[in-house]
Amino acid sequence: MELPEVEDNAEFLERLMEVTSRSLPQLELQEQYTIIKELGSGTYGNVLLAEHRERGTALALKLMPKERTERRAFLREYCIALCLSAHAGFLRTLPIVFESPTHFAFAQELAPAGDLCAIGLPEAQVKRCAAQLAEALDFMHGKALVHRDIKLDNVLLFDCECRRVKLGDFGLTRLEGTPVCAMSGTLPYAPPELCLLEASETLELDASLDVWAFGVLLFCLGTGCFPWDVAVSPDPQFEAFGAWQNSTVPGEAPAPWRAFGPAAQEMFRRLLTLDPNRRSPAIEVHKYLPLVWLASSLRELDGAGGLRGQGKRPKHRDCPYKIGTSGHPTPPPLPVLERRGGAAPNIGEAGPPALNIAGARAPQENITRRPWLSGHLVHWVRLQLMLC
Ligand SMILES: Nc1ncnc2c1ncn2[C@@H]1O[C@H](COP(=O)(O)OP(=O)(O)OP(=O)(O)O)[C@@H](O)[C@H]1O
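Residue positions are counted from 1 within each chain, in the order its sequence is given. Totals for whole chains, interfaces and linings use all residues, but because this is a predicted model, local features are given only for residues with pLDDT of at least 70 and pairs of side-chain atoms are given and counted only at 80 or more. Working from all heavy atoms in the structure, the side-chain values ignore hydrogens and water.

Some details on the pairing of strand β5 (residues 103–108)
Put simply, the rule is: When accessible area is computed with a 1.4 Å probe and restricted to protein chains, residues below 20% of their type maximum are described as buried, those above 50% as exposed, and intermediate ones as partly exposed. Secondary structure elements are defined from DSSP: runs of H or I of at least 4 residues count as helices, runs of E of at least 2 residues count as strands, and each element is numbered from the N terminus. One bridge is not enough; two strands pair if DSSP finds at least two bridges between them.
Of all the six residues making up β5, five are buried; the element is thus mostly covered by neighbouring parts of the structure. Both strand β3 (residues 58–65) and β5 contribute to a ladder of six bridges, which runs antiparallel. Bridging from a neighbouring strand, Pro65 pairs with His103 of β5. With four bridges connecting them, strand β4 (residues 93–99) and β5 associate as antiparallel partners. Considered in β5, the bridge of Glu99 is made with Phe104. The antiparallel pairing of β4 with β5 creates a hairpin that spans three residues between the two strands.

Points about the packing of helix α5 (residues 207–223) against helix α7 (residues 262–271)
Worth spelling out the cut-off: The convention used is that axes are lines fitted to C-alpha atoms, helices contributing only their stretch in contact, and that angles between N-to-C directions extend from 0 to 180 degrees. Between 65 and 115 degrees an angle is taken as roughly perpendicular, under 35 as roughly parallel, over 145 as roughly antiparallel, and anywhere else as oblique. Residue contacts are counted whenever heavy atoms from the two residues lie within 4.5 Å of one another. By the convention adopted, Pro, Cys, Tyr, Trp, Phe, Met, Ile, Leu, Val and Ala count as nonpolar, Lys, Arg, Asp and Glu as charged, and the other residues, Gly among them, as polar.
Between α5 and α7, whose axes approach to 8 Å, the crossing angle comes to 150°. Taken together, the axes of α5 and α7 lie roughly antiparallel to each other. Contact residues: α5 offers Val211, Trp212, Phe214, Gly215, Leu218 and Phe219, while α7 offers Met267, Phe268 and Leu271. Its residues placed into classes, the contact of α5 with α7 shows eight nonpolar, one polar and no charged.

Some words on the site of the ligand
Note the cut-off: Think of it this way: one heavy atom of a residue within 4 Å of a molecule or strand is enough to make that residue near it. Here a polar contact is taken to be a pair of N or O atoms separated by no more than 3.5 Å, where protein atoms must pair a possible hydrogen donor with a possible acceptor and residues adjacent in sequence count only if both atoms sit in side chains. To be clear on the numbers: accessible area is Shrake-Rupley with a 1.4 Å probe, and residue cover counts the displayed protein chains and nothing else.
Around the ligand, the surrounding shell holds 20 residues, and the nearest of these are Thr43, Lys62, Asp115, Asp153 and Asp169. Within the side chain of Lys151, one N or O atom sits 2.9 Å away from an oxygen atom of the ligand. Within the side chain of Asp169, one N or O atom sits 2.8 Å away from an oxygen atom of the ligand. Contact with the protein chains covers 93% of the free accessible surface of the ligand, which is 620 Å². Counting only elements with at least two residues in the shell around the ligand, the list comes to β1 (33–41) and β3. Within the shell around the ligand, the residues separate by chemical class into eight nonpolar, five polar and seven charged.

A word on the pattern of salt bridges
The condition is simple: By definition here, a salt bridge exists when the distance from a side-chain nitrogen of Lys or Arg to a carboxyl oxygen of Asp or Glu is within 4 Å.
Counted by the stated rule, this structure contains 14 salt bridges. Here Glu193 makes a salt bridge to Arg279, at a shortest N to O gap of 2.9 Å. In this pair, Glu193 sits in helix α4 (residues 192–195) while Arg279 sits in the loop between α7 and α8 (375–387), placing the two residues 86 residues apart along the sequence. Of the two residues examined, Glu193 and Arg279, each falls in the buried class. Where salt bridges share partners, they join Lys62, Glu77 and Asp169 into one cluster.

Listed below in structure tokens is the structure:
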């Protein structure tokens, strides 16, 4: 039996969410996993480091309180995360999903080096991040998905040299064309077209929104600072940048942008084009990888933890592990297991839905990938769709 033809991505997502919802185990807290510590928390929930009691496997468990989370929102985030797992640029989502009386939860692979908030990186590492994130964005944009929350906190590290970084957190991800209101997304990363929206207005989602946030993120990585507080007047940093962008013959770049050489300045002007219709695609960053990014006057600072410009600094964090003599990162020892707040939560294992969104663009070739759908996932999806 073939998978049914799917007319469009929205319909496919809806069906996948429906299938997942019907097979979602409802569990009391049992004795399957031990919660070790909190890895992070955000607006929508907590991410915990958990360990399977019998197998000893560690994973990241995203818990979303039911009192603040709509069932549909949880299902959407899980299904999109699972779909994007096919690409090496995204956190791998595991077929472990459940609801308890108080929470929704799903599991993802553990990113042992945390997120990208330890910023101010040497040029080589910034470029590594840029290359991998551009691939990831190209992949999801090719599937008409807009992440909407590109920021340092949502880039997860698998080593301290940024050889493997992945994008996570698909809580705000929607299909292109979805109308969104003002103030969705994180302020310093929000593009002007979003910042300028009136409360009564909506904007049709477009990949260019992620590209702008990607440009801001790369600036943060290179300098250790945000380029502005918010991308509208009268923010002085943004006004100076806007004037530079609008000038027909661009003169000297505003001060913070002089940390970069001409090639990187051109790249930033393309990623941060004020008109979203003329903004370059994220993948165009690849064109600039062979060129020097830092300004020649500042290159001696490279490798000393990055540059330090002016402006509002993103938070900093120490790298949780050292690079071993082999050149490979040495994972940190797991913390001593300790149970927090009584019984450890239990995690149910549901059959894994998987998603092959219609209209997929061929992925780029220069990055390791898992197959889009493995054999048993195809079998599982077929079974579920037969039962629909
Ligand atoms: N797989 C993982 N491995 C290690 N740490 C993780 C993992 N997933 C998330 N984290 C940590 O938990 C933090 C919060 O995760 P996440 O962004 O998914 O939560 P959120 O509630 O959706 O946050 P936000 O408010 O940004 O939307 C991340 O910034 C990161 O530090």
